[in-house]
Amino acid sequence: MTKTTVPPSAPPTLADQIEDLLPQTQCTKCGYSGCRPYAEAIADGTAEINQCPPGGIEGVARLANLLGRKVIPINPANGYERPRPVAFIDESLCIGCTLCIQACPVDAIIGAAKQMHTILPSLCTGCDLCVAPCPVDCIVMYPVTDERTGWDAWTEEQAAAARERHDFRTFRLRREREENEARLAVKAASKLADGAQDALTPEQAAEKERKRAIIAAAMERARARAAEPKSEP
């Protein structure tokens, strides 16, 4: 029996190590679109280590220790260290516009169009990103950690869970976009084929329809494979 050898995983890059020290709130207060882009910017020297208010001064110290740098205060241009807040929706004012759902980077809001939305406090990272898009100002941020701030108000387990939800949301949105583009491509091809149908002989029309069916079936199989959960090695 042949033994399968699993190739060793690549060692973590500097950006990987930096990302592991960030709180994964995905709040964009650092000036980047999320924790990973900020980690990459620190790694390549285009960002400072003091641009993450949710991580607080403890977060700066962790990064400084990894990179052999001096601990410096949080840059006020990026915000201030504060008790961790959680978003709450005044459900009597919510109009179900879904803008907050679209803004939430970790899928902590549930609801549907023209229906009341609800924020799941246990999943909310306190990023504030849902507040500004709300057209009826029904979302407020409440501190829930008393005087505890930064990493004293957040745990490694919470950060890991938030990163997993953020990464899954990114994957889901990409998959939905690709599927929508595939549907539009099939629809466009169908319209072109229908427009040219009158100029074809019956044999040519039948062959064209057969090829279109084969392409549609192949695309469906590809979508099914992409939707299957990947097993861990």
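Residues numbered from 1 in each chain as written. Predicted model: local features only at pLDDT ≥ 70, side-chain atom pairs only at ≥ 80, totals over all residues. Heavy atoms only, no water.

When you go through the protein residue by residue, the secondary structure sums to six helices and four strands. Tracing the protein from N to C terminus, the helices and strands come up as α-α-α-β-α-β-β-β-α-α. By residue count, 30% of the 233 residues in the protein fall in the buried class. Contacts spanning at least 24 positions in sequence make up 60% of the contacts within the protein whose residues lie at least 6 apart. (Helix = DSSP H or I, 4+ residues; strand = E, 2+ residues; numbered from the N terminus. Buried < 20%, exposed > 50% of the residue type's maximum accessible area, 1.4 Å probe, protein only. Contact = heavy atoms within 4.5 Å.)

This part is about helix 3 (residues 56–67). For an α-helix, the turn length of 3.6 residues means that residues three or four places apart are oriented alike. For helix 3, with 12 residues, the first-to-last C-alpha span of 17 Å sits near the 16 Å given by 1.5 Å per residue. Within helix 3 the residues assigned to the buried category are Gly-56, Gly-59, Val-60, Leu-63 and Ala-64. The arc that holds every buried residue of helix 3, seen down its axis, measures 135°, which confines them to one face. Gly-68 lies just past helix 3 and shows a positive phi near 70°. (Expected span 1.5 Å × (residues − 1). Arc of directions from axis to C-beta.)

Applying the stated criterion across every chain yields a total of zero disulfides. Between Cys-97, a cysteine without a disulfide, and Cys-134, which holds the nearest cysteine sulfur, the sulfur-to-sulfur distance is 5.9 Å. On the accessibility criterion, Cys-97 (29% relative accessible area) is partly exposed. (Disulfide = S-S within 2.5 Å.)

Core analysis: the biggest nonpolar cluster contains 19 residues, and Ile-89, Ile-109, Ile-119, Cys-130 and Ile-139 have the highest contact counts within it. Of all the secondary-structure elements, those providing two or more residues to this core are strand 1 (85–89) and helix 5 (156–196). With sequence-adjacent residues up to four places away left out, Ile-109 is seen in contact with Ile-89, Cys-100, Ile-101, Cys-104, His-117, Thr-118, Ile-119 and Cys-130. (Core = buried A, V, L, I, M, F, W, Y, C linked by side-chain atoms within 4.5 Å.)

Scanning all chains against the criterion turns up three aromatic pairs. Summarising the aromatic geometry, the rings of Phe-168 and Phe-171 are spaced 6.4 Å apart at their centres and angled 45° between planes, so their arrangement reads as tilted. Here the residue Phe-168 and the residue Phe-171 both occupy positions in helix 5, the gap between them amounting to three residues, near one helical turn. The class of Phe-171 is partly exposed, set by a relative accessible area of 29%. (Phe/Tyr/Trp six-rings, centres within 6.5 Å; stacked < 30°, edge-to-face > 60°.)

Moving on to a nonpolar patch on the surface. Judged by side-chain polarity, Phe-88, Val-140, Tyr-142 and Val-144 come together as a nonpolar surface patch covering roughly 330 Å² of accessible area. Under the relative-accessibility criterion, Tyr-142 is labelled partly exposed at 45%. (Patch = residues over 30% accessible without salt bridge, like charges linked within 9 Å, V, L, I, M, F, W, Y side chains within 5 Å. Areas by Shrake-Rupley, 256 points an atom, 1.4 Å probe, with all protein chains shown as cover. Salt bridge = Lys/Arg side-chain N within 4 Å of Asp/Glu carboxyl O.)

Bringing helix 2 (residues 35–43) into the picture now. Every buried residue of helix 2 is listed here: Cys-35, Tyr-38, Ala-39, Ala-41 and Ile-42. Each buried residue of helix 2 lies within a common arc of 160° when the element is viewed along its axis, so the set occupies one face. For helix 2, the elements touching its buried residues are helix 1 (14–20) and helix 3. Positioned one or two residues after helix 2, Gly-45 has a phi angle of 85°, which is positive.

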